[in-house]
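Fold and contact review
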Amino acid sequence: MRYLPLCTVILALCAQVHSQPEPAPIPESRPELRPEPKLESRAESVAGVEAFDTPNDAGGSITVTWPKHPEASASTMYTVFLADAPSGPFLLVATVGADGSLKSDNPGMFGHDADNSHTHFAHIEIFPAVGEDEGTPLIDGKAYYVKVGLSPADDSVIPSSDGFGVPSGNAIEAVPGGNFFNWAKLNNFILGTFICLVILGYISVARRKELYIRRIAGLEAIDEALGRATEMGKPVLFVHGLKGMESIPTIAAVNILSRVARRTARLGTDLRVVNNEPIVMAVSQEVVKEAYLEEGRPDAYNPDSVFMAAPDQFSYAAAVAGMMVRDRPAAHIMMGYFYAESLLLAETGSTTGAIQIAGTDAYTQLPFFVTTCDYTLMGEELYAASAYLSREPRLLGSLKGQDVGKLVLIFGILVGTLMATFQMPFLTHLFTSY
Amino acid sequence: MLFLTRTLPLVIAFSCGVLAIAIYYVPHSAAQGMEEKLTLWLRIVAAFAYFLGLYSLLNLHWNRIRQHQAGWGYSVVAAVGFGLMFFFAVINDGDGPFAPQAKQGAYQWMFDNVQVACASTMFSLLAFFISSAAYRTFRARSPEATILLVAAVVVMLGRVPIGAYISDLIPEAMLWLLSVPNLAAKRGILLGVSLGAIGTALRIIFGIERSYLGGGEE
Amino acid sequence: MTRDSYLFIGFLLLFAAVNAALLATGAIAADWTGFGVILAAGLTLSLYSFLYKDNPLYKFVEHLFVGVAAAYVLGLVWYNTLLAEIVNSLILGEGKDRWSLLMPSLLGALMLTRLVPRIAWLSRIAFAFVVGLGAGLTIPRYISSFILAQMEPSLRPITWSIEGLNLVIILVGVVAVMVYFFFSVEHTGVVGGVSKVGIWFLMISFGASFGYTVMARLSLLIGRTQFLLDDWLHVMK
Amino acid sequence: MKALDIDRRIIFIFVFLGVAIPLMVDFTLPIKPTPPVIAAYDAFEKVAAEKPGSTILLSFSYGASTAPEMQPMARAVLRHCFRLGFKVVAICLWPDGVGLAESVLAEVAEEMGKKEDVDYAFLGYKPGTIAVILNMGQDLHTAFPVDSKGVSLAQLPVTKNIHPLTDFSFVFDFAAGDSIEFWWIPYGQEKYRFPFAGGCTAVMAPDLFPFLQSGQMLGMLGGLAGAAEYETLIGHPGQATEGMRPQSVTHLIIIAFIILGNGMYFLSRRSSGQATG
């Protein structure tokens, strides 16, 4: 836990680096400003123009940026010209209005500097062919030359593609190319690496020493239900969800089943395990048999107690509901991933007066279990219960690592909102997906 | 032999996983091309996976018929249903299985009149069960159950025109309930779930979680 | 003959009589479409018999549906992917992209070896590719769309307004729910209190989902009733 | 407690009557569109204004089991898209959505005089869920080499020059499961940032509100009520509007049962309370 402040500092440093785009390859000379725009064939050129390969892309694109012209009025038009030779014919490729694209519109690429909101930018991807209409995409590695002109408000100088209205001053060179790291995803990369290291770290720690997990209330409810079933001499019904053996909720359900089986073996209660998928049934049979062996009651284990009710959703629900009403088990334990049939099961179960305990990470079905069951393990509590029971390092460590992740996010939300309220949007920018 | 059955799959899982993560951060056309190829392969392999599910279903019914287990008659019905539809799919309204799928014919007829009818009827059964659940189990037993009950009633009233008819406050209250407390709870769950999914994905990539390999442990 | 079998025969006779009347009056045309509507109506009513009791008629139709649905999807998978892409490109295709799908098809075939116990281990290679690649695709995208994109709207400045109040409530709700799903600390004292608040938020969202779901299920019932009353019995105006 | 337990089949009969009678009796109720639906409607209008005649993608991710709820929604959105002059490309991410998508497309296209391959194209179903979306992200022609009639996409006027998902001016997903939340948003919208909205069964709607607030979704149609509101917005009342009458009556019946259930619950608790008190 003591590494936390250190990580946030690293996050802060990297975000600063990311927000300054690397400067243009060749520092261009600053053309001096003419006293006042004169009406003549040459449009007046704009100062402070920069041109560079568009970052974070697969290549074939140049980005041109230029600060707003001091006397720019609402109807000012900026004209961007492109040529494939320093002196070559400059062709019009883009016209940007006064309210056109500003660097502040694209923080993913240009960061959050203060002067972004009065600097224009334009992406150029097509080199306009003279004559025929079809332009050709820019070629990676080839040098192109850019000029940005300002056509006066009264558009006496109409910029056209045949070179008329090209501003004076020398052009800025830029070479398009593919990039190897998407700087806009830097915060994603850092947060991801941090979460992965924490989780993997805790998994390796969990292999060496015992990790603490809070007791899970649902598990006590299960023990209590099993106790009551034993007093009433009635069977206990364990109902599997619908997903297959490779799914996480089913693995968690089998872990919980092994605990239940160990308890029913000790108490001598009749346990019934209902399945809808052959592989899950085979694994459940192994687990229950093993539990009865460990409790020294191999004789009490009867293989038919773990069986296939029906293969598909509604016939499974109908078969299990039928059992609930006919055999009237004292406790229903429903664990795994459930779909719409959860309502059918839980609603029928509640009519028999049995204790019902459910556990699912199917969030859309939780409302039905919560309203009909005595206790419900909600979402991640199902995984926590299986980790608590199985004590497996990979589950315990993963859970603890996720807890640290939650702590970082909670810290991020609380401090971030506080800072944002006091006009310090640093954390807001950090936690944004660009 | 152990390398082939145990280590090779883990090496493949690790390399595919790390590669897929890396590609996300590299915009270069080479990486994007690789991502396109890998996801195309994923899609094609997924099409084959369907046959595994189909086999386990048919195998189940076949075993029930062969061993005359309880209710094997119904398995015969399932097999006949499958065979009939399979036959219609193959004749493909006269064009045969190697022409593009016909837009009408017996296959389409069975879909409209058997599949759509049965599927939507089965789900509509839940309308009855949700009503009886609302009556029998929706009791204000505890403070939590009361909150749930009140929220459900407000949303139910707000979602139908009669709610607005009764008073304009109800749709407003419903909308607030959905866009503030409900949003907060679902966002909290979502953040937790995504951390859990990342944890699971990590365990798979680093070979810590192997249950997906199946076929038991040697 | 139990009461139920009387009911069963009564239902069949009534159903036949109604259909005969509909056909006679021409309400339903005596062609494939008409028979289709009658079949669909019969299947619908048989499934609704489950509301009375789980009975053989329900089980019959349920299993028929399972069989037909399995073959329907098989047809789609064959025509849309296996035939359209793999068979056509591998056998009829020409030029370099003819073999482009050979490797994934082999990998797919490898997956099917799981059905043959002796060589089932081969399927692990295919599963490792699918599950490993899937895991790798998941991590950065879940971080971007479920963590970053969901955090940003919760990090907005709080203003003295309704939005500001809502933002505070959302802030409290998100933090309380996450604390509820926190497993490293016992739910006692402050943490216990905060997770209690978390449960209340969860209950409101479950109530909202329950209220919404009632509508979803009812719409399906309305759809089927519209079919029975309009397309079949033609009694709606 | 025994008195409380009305046989649930009585409740079933009430529910069925609550559905059947309003269908046969004609009474109209004012349908007031809610912000998420209006937002979806405005999003379509804005894109139509900015890019007239551009191509949009409709993804059908629902099946026969939720047809009664999703078909009216698909019909309403499709009518609006054709009226706005969009070209439509339709795909299916759920297998049994194919038959439903084809029938809705054919019906609305015929009604509004739109021709297949020119104004709209149907590309059929592809297994693979997120892999299909990732493929389409890179190039539609990789994900769907041929349309549902077996014709190569390069030959269809409507899909000829559509390659990455960014070539679509709008993407709308009809979802009966978690295809919006766990397929389209993380594997499609996240990378390509195209304007994205969706319609879903009512059961999924509450889960999508965080994505509305974060802007990952521009609008949302929730369940039959969402479809009815959209029908009102485009001024073409259909099956959804018709279905709202029984919805209203049945909702009232269920609320009545809830109140009844709780009333008797408190009565029995107080009476048993006095008995033991």
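In every chain, residue numbers begin from 1 and rise along the written sequence. Each chain gets a letter, beginning with A, and each ligand a number, beginning with 1, in the order they are written. At least 70 in pLDDT is required for a residue's local features to be given in this predicted model, at least 80 for side-chain atom pairs to be given and counted, and no such filter applies to totals for whole chains, interfaces and linings, which use all residues. Values reported for side chains reflect all heavy atoms of the structure, with hydrogen atoms and water molecules removed beforehand.

1. Structural notes on the pattern of salt bridges
We define a salt bridge as a contact between a side-chain nitrogen of Lys or Arg and a carboxyl oxygen of Asp or Glu at a distance within 4 Å. In total, this model carries 30 salt bridges over all chains according to the counting rule given. Here Asp-207 of chain D makes a salt bridge to Lys-186 of chain B, at a shortest N to O gap of 3.2 Å. One end of the pair, Asp-207 of chain D, is in the loop between strand 5 (196–200) and helix 8 (209–214); the other, Lys-186 of chain B, is in helix 8 (residues 181–205), on a second chain. By relative accessible area, which is 9% here, Asp-207 of chain D ends up buried. Lys-186 of chain B sits in the buried class, given a relative accessible area of 9%. The salt bridge involving Arg-79 of chain D is made with Glu-111 of chain D; its shortest N-O contact spans 2.7 Å. The numbering of helices and of strands both runs from the N terminus, where a helix is a DSSP run of H or I of at least 4 residues and a strand a run of E of at least 2. The buried label applies to any residue whose accessible area, calculated with a 1.4 Å probe on protein chains only, is under 20% of its type's maximum; exposed applies above 50%, and partly exposed to all values in between.

2. Topic: the interface of chain B and chain D
A contact between two residues is defined here by any heavy atoms of the two lying within 4.5 Å. The partner chain D presents 66 residues to the 49 residues of chain B that form the contact. A 1.4 Å probe defines the accessible area here, and the buried area is the portion of it lost by two parts on being joined, summed over both. Summed over both partners, the interface of chain B with chain D comes to about 5300 Å²; 69% of that surface belongs to carbon and sulfur atoms. At the junction of chain B and chain D, the tally comes to three salt bridges. Between Lys-103 of chain B and Glu-102 of chain D there is a salt bridge, with its nearest N and O atoms 3.6 Å apart. Pairs of N or O atoms within 3.5 Å make up the polar contacts considered here, provided that, within protein, one atom can donate a hydrogen while the other can accept it, and that residues adjacent in sequence are counted only when both atoms are side-chain atoms. Seen at the junction of chain B and chain D, the total is 16 residue pairs in polar contact (both at pLDDT 80 or more). Listing elements by their share of the side of chain B that touches chain D, those giving two or more residues are helix 2 (29–66), helix 4 (106–136), helix 5 (143–159), helix 6 (161–166), helix 7 (169–179) and helix 8 of chain B. Among the elements that line the side of chain B that touches chain D, the one with the most residues is helix 4 of chain B, at 14 residues. Asp, Glu, Lys and Arg are counted as charged, while Ala, Val, Leu, Ile, Met, Phe, Trp, Tyr, Cys and Pro are counted as nonpolar; the rest, among them Gly, fall into the polar class. A per-class count over the side of chain B that touches chain D returns 28 nonpolar, 10 polar and 11 charged.

3. Describing the sheet that holds strand 15 (residues 355–360) of chain A
Residues and elements named next belong to chain A. When DSSP finds two or more bridges between two strands, those strands count as paired. The parallel open sheet is built from six strands, whose spatial order is 13-12-11-14-15-16. Looking along the sheet, the strands with just one partner apiece sit at the ends: strand 13 (306–308) and strand 16 (375–378). In this sheet, neighbouring strand axes are inclined to one another by 15° on average, regardless of whether the strands run parallel or antiparallel. Sheet topology places strand 12 (residues 271–275) next to strand 13; three bridges connect them, and they run parallel. The residue of strand 13 that forms the bridge with Val-273 is Val-306. Strands strand 11 (236–240), strand 14 (331–335) and strand 15 of the sheet are contacted by helix 8 (residues 341–351), whose axis makes an angle of about 165° with strand 15. Between N-to-C directions, angles cover 0 to 180 degrees, with each direction set by a line fitted to C-alpha atoms, over the stretch in contact for helices.

4. Looking at the domain arrangement of chain D
All names here are of chain D. An automatic or database domain assignment provides the domain bounds reported here. According to the domain assignment, chain D contains domain 1 (1–29 + 241–272) and domain 2 (31–237). Between domain 1 and domain 2, the C-alpha centre-to-centre distance is 36 Å. In this complex, domain 1 contributes five residues to the contact, which on the side of domain 2 involves six residues. Interface area, domain 1 with domain 2, both sides summed: about 480 Å², of which 66% is carbon and sulfur. The largest share of the area that domain 1 buries against domain 2 comes from Leu-29, Thr-241 and Met-244, three residues that together contribute 85% of it. Counting across the interface, domain 1 meets domain 2 through zero salt bridges. Our enumeration of links across domain 1 and domain 2 arrives at one residue pair in polar contact (both at pLDDT 80 or more). Among the residues forming the side of domain 1 that touches domain 2, the class breakdown is two nonpolar, three polar and no charged.

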